[in-house]
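Observations on the three-dimensional arrangement
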Amino acid sequence: MPTEGHLPGDLGSATLGVRLRVLRRSAGLTQGELAGGRFTKEYVSQIERGRTRPKRETVEWLAERLGVDYELLEHGWSRADALRIESAMSEGERLLEERRYADALQAFASARRVRGFDGQMPQQRLRLLRGEAWALIRSGELDTALSLLDEPANLVVSPGFGDADRAEIVFLVGVVRCSQSRIPEALVLLDEALALAEGSELPSDQLRSDIFQWRARCHRINRDWVAAHEDTERALELAEASTDTRRIAGALFQASMGAQRDGRWVLARSHAERSLELFDRLGDRATVGRLLNNLAGLNHLLGNSEHAVALLRDAFEIFLELDLGVEAGYACSSLAEILVEEGAFDEADELARRALSLLGERQDHVQEIGTAQLALARALTGQGRLGEATIWADRADATFEGASLTSHRSYAWLAQGDIESERGNDRAAADLFKRSALALLDREEGQVPPP
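Residues numbered from 1 in each chain as written. Predicted model: local features only at pLDDT ≥ 70, side-chain atom pairs only at ≥ 80, totals over all residues. Heavy atoms only, no water.

**Quick word on the overall build of the protein**
In terms of helices and strands, the protein carries 24 helices and zero strands. Scaling as 2.2 N^0.38, a compact globule of 451 residues should have a C-alpha radius of gyration of about 22 Å, whereas the protein reaches 29 Å, well beyond that. Looking at the protein as a whole, 52% of its 451 residues qualify as buried. Contacts spanning at least 24 positions in sequence make up 58% of the contacts within the protein whose residues lie at least 6 apart. Roughly 21100 Å² of accessible area belongs to the protein as shown, and the carbon and sulfur atoms make up 49% of that amount. Averaging the locations of the 55 positively and 74 negatively charged side chains of the protein gives two centres separated by 6 Å. (Helix = DSSP H or I, 4+ residues; strand = E, 2+ residues; numbered from the N terminus. Rg over C-alpha atoms; globule rule 2.2 N^0.38 Å. Buried < 20%, exposed > 50% of the residue type's maximum accessible area, 1.4 Å probe, protein only. Contact = heavy atoms within 4.5 Å. Areas by Shrake-Rupley, 256 points an atom, 1.4 Å probe, with all protein chains shown as cover. Lys, Arg positive; Asp, Glu negative; His and termini not counted. Charge placed at Lys NZ, Arg CZ, Asp CG, Glu CD.)

Dropping the structure here:
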């Protein structure tokens, strides 16, 4: 009899007849011996050749004769295989929540390697592909994620899938485009995902909440504050209705950022503190660190810079402990910005450079890269190192321009103006200050004031 772990070939992609023949030969049985007097040798031959389709009870009897699970003969995978696949995928999803993306990808890969994975139900395959896509997106491997999403995009148009499944894949492609700063494309995709989710017969409150959150991000990048506020409110409403603690916490986080942009700093701090409490309860230390980072910014805006610096140092320690380089880069960048304003130019210089090292060349974090470059330029200006400051201010301007962040370019022009002022070039400084002011007044992305 064949024993588990020693079955020949990949039975998942084979037909029932081929699986029967492979397993019969592996068991050392002839067709007549397998028939065992219950069936004729010819009937077994017809099954193996695909000439007839046996009833379930026949398949169960044949599987018992072969000493294998019914699932292995019928589908090409055993119950043990199915449990291994489920275990690996659950582990991958747990690691995703813990932001251990490389480990999550390894767990998903181990599910693929289990014998019979190709024979799993399509919904299982979709679940695995979705998990892999999120891990790649969060790792900044956006092009790889986009290529991977071709497979589930083709899968969800086949029978057995509905609008909710299709909405989720379109949503993921929209997330990639948003992360690539291709905002017009992202908005089109997120609108399409929302329409599919709203047209689905299945409940989709959680998915719609996620779509609204990401669409709000796109609107904020486009400086469409009204639309961003509306989407944030709808995301929070749907999350709270779902009773999903993680989604509620995430929606509160987004609502905090929206309130901060609207100048409602006390409300923003309240939302952030509620979100922090929920993520702390969930044991999500990575997001706790991100919230400490945001709360630091809010405390700085509210005039408590000393507390802001303490919160940022706590966030930085959490990110180092969890080996989250990008998040640590954010904390360093924020610290550098505050220390520049406090006149601690030497430490700000060191932290800004460390932030840039940690952020690398991640295309999904260009805004923060430009912010760190700008902090470094301002720190160098404060040290009187105007030549180096010019290089970094120009780099920040180019980074923001590449991401179509006109409002952020205005801060680069302001830094360039400060440098020219230090040099005594008052006219050049005045022109840059004027250009910066015009950009800050302009609420439409892409309309860059002329130099």
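After that view of the structure, there is still more to cover.
**Remarks on the packing of helix 17 (residues 285-301) against helix 19 (residues 325-341)**
At their nearest, the axes of helix 17 and helix 19 sit 10 Å apart, and the two run at 15° to each other. Comparing the axis directions of helix 17 and helix 19 gives the class roughly parallel. For helix 17 against helix 19, the interelement crossing comes out left-handed. Touching R290, N293 and H300 of helix 17 are E327, Y330, A331, S334, I338 and E341, all from helix 19. (Axes fitted to C-alpha atoms, helices over the stretch in contact; angles between N-to-C directions. Parallel < 35°, antiparallel > 145°, perpendicular 65-115°, else oblique. Left-handed = near helix turned anticlockwise from the far one by under 90°.)

**Quick look at the state of the cysteines**
A full pass over the atoms with the stated rule returns zero disulfides. Of all cysteine sulfurs in the structure, the one in C178 sits closest to C218, which takes part in no disulfide; the separation is 3.4 Å. Exposure remark for C218: the relative accessible area of 0% places this residue in the buried category. (Disulfide = S-S within 2.5 Å.)

**Looking at the packing of aromatic side chains**
All told, the structure shown has three aromatic pairs when counted by the stated rule. On the numbers, 5.4 Å between centres and 80° between planes, the contact of F39 with W61 is edge-to-face. Of this pair, F39 sits in the loop between helix 2 (31-35) and helix 3 (41-48) while W61 sits in helix 4 (residues 56-66), and the two are 22 residues apart along the sequence. The buried category is assigned to W61, whose relative accessible area is 18%. (Phe/Tyr/Trp six-rings, centres within 6.5 Å; stacked < 30°, edge-to-face > 60°.)

**With respect to the packing of helix 8 (residues 122-138) against helix 11 (residues 163-179)**
Contact geometry of helix 8 with helix 11 gives a least axis separation of 11 Å together with a crossing angle of 15°. When the axis of helix 8 is compared with that of helix 11, the two are roughly parallel. Relative to helix 11, helix 8 is oriented so that their crossing is left-handed. Taken together, the residues of helix 11 that come into contact with helix 8 (itself represented by Q123, L126, R130, A133, W134 and I137) are D165, E168, I169, F171, L172, V175, V176 and S179.

**Some remarks on unusual backbone geometry**
Positive phi, close to 65°, is recorded for R99, a residue that is not glycine. As for its position among the elements, R99 is in the loop between helix 6 (79-97) and helix 7 (101-113). A relative accessible area of 14% places R99 in the buried class. Despite not being glycine, S181 shows a phi value in the positive range, around 65°. Inspection of the secondary structure assignment puts S181 in the loop between helix 11 and helix 12 (183-199). Residue classification places S181 among the partly exposed positions, given a relative accessible area of 25%.

**Some words on helix 8**
Here helix 8 is 17 residues long and its end C-alpha atoms lie 24 Å apart, about the 24 Å a rise of 1.5 Å per residue gives. Taken across its 17 residues, helix 8 has 13 buried, putting it largely inside the fold. Looking at the residues trailing helix 8, positive phi occurs at G140, about 85°. (Expected span 1.5 Å × (residues − 1).)

**Considering helix 13 (residues 205-221)**
A rise of 1.5 Å per residue sets the reference length of helix 13, with its 17 residues, at 24 Å; its end C-alpha atoms lie 25 Å apart and thus fit the reference within 8%. For helix 13, a buried count of 13 out of 17 residues is recorded, marking the element as mostly surrounded by other parts of the structure. Where helix 13 terminates, the next one or two residues include R223, which has phi positive at roughly 60°.

**Structural notes on the confidence of the model for the protein**
For the protein, per-residue confidence averages 87 on the pLDDT scale, and 93% of positions sit at 70 or higher. In the model of the protein, helix 5 (residues 70-75) stands out as the element of lowest mean pLDDT, 78, in contrast to helix 20 (residues 345-359), which has the highest, 96. Below pLDDT 50 for its whole length, residues 1-9 participates in 22 contacts with residues either more than four positions away or in separate chains. Note on residues 443-451: pLDDT is under 50 here. Beyond four places in sequence and across chains, it has 24 contacts. (pLDDT = per-residue confidence, 0-100.)

**Structural notes on empty space enclosed by the protein**
If you walk through the whole model with that rule in mind, you get one cavity of 30 Å³ or more. Its volume calculated, the largest cavity comes out at about 90 Å³. Contributing to the lining of the largest cavity are 13 residues, with H229, T232, G258, A259 and D262 lying nearest its centre. When contributions to the lining of the largest cavity are tallied by element, the ones reaching two or more residues are helix 14 (225-242) and helix 15 (245-261). (1 Å grid on protein atoms, 1.4 Å probe; cavity = no way out; pocket = protein on both sides within 12 Å on 5 of 7 lines; lining within 4 Å. Points joined across faces, edges and corners; volume = space filled by probe spheres on them.)

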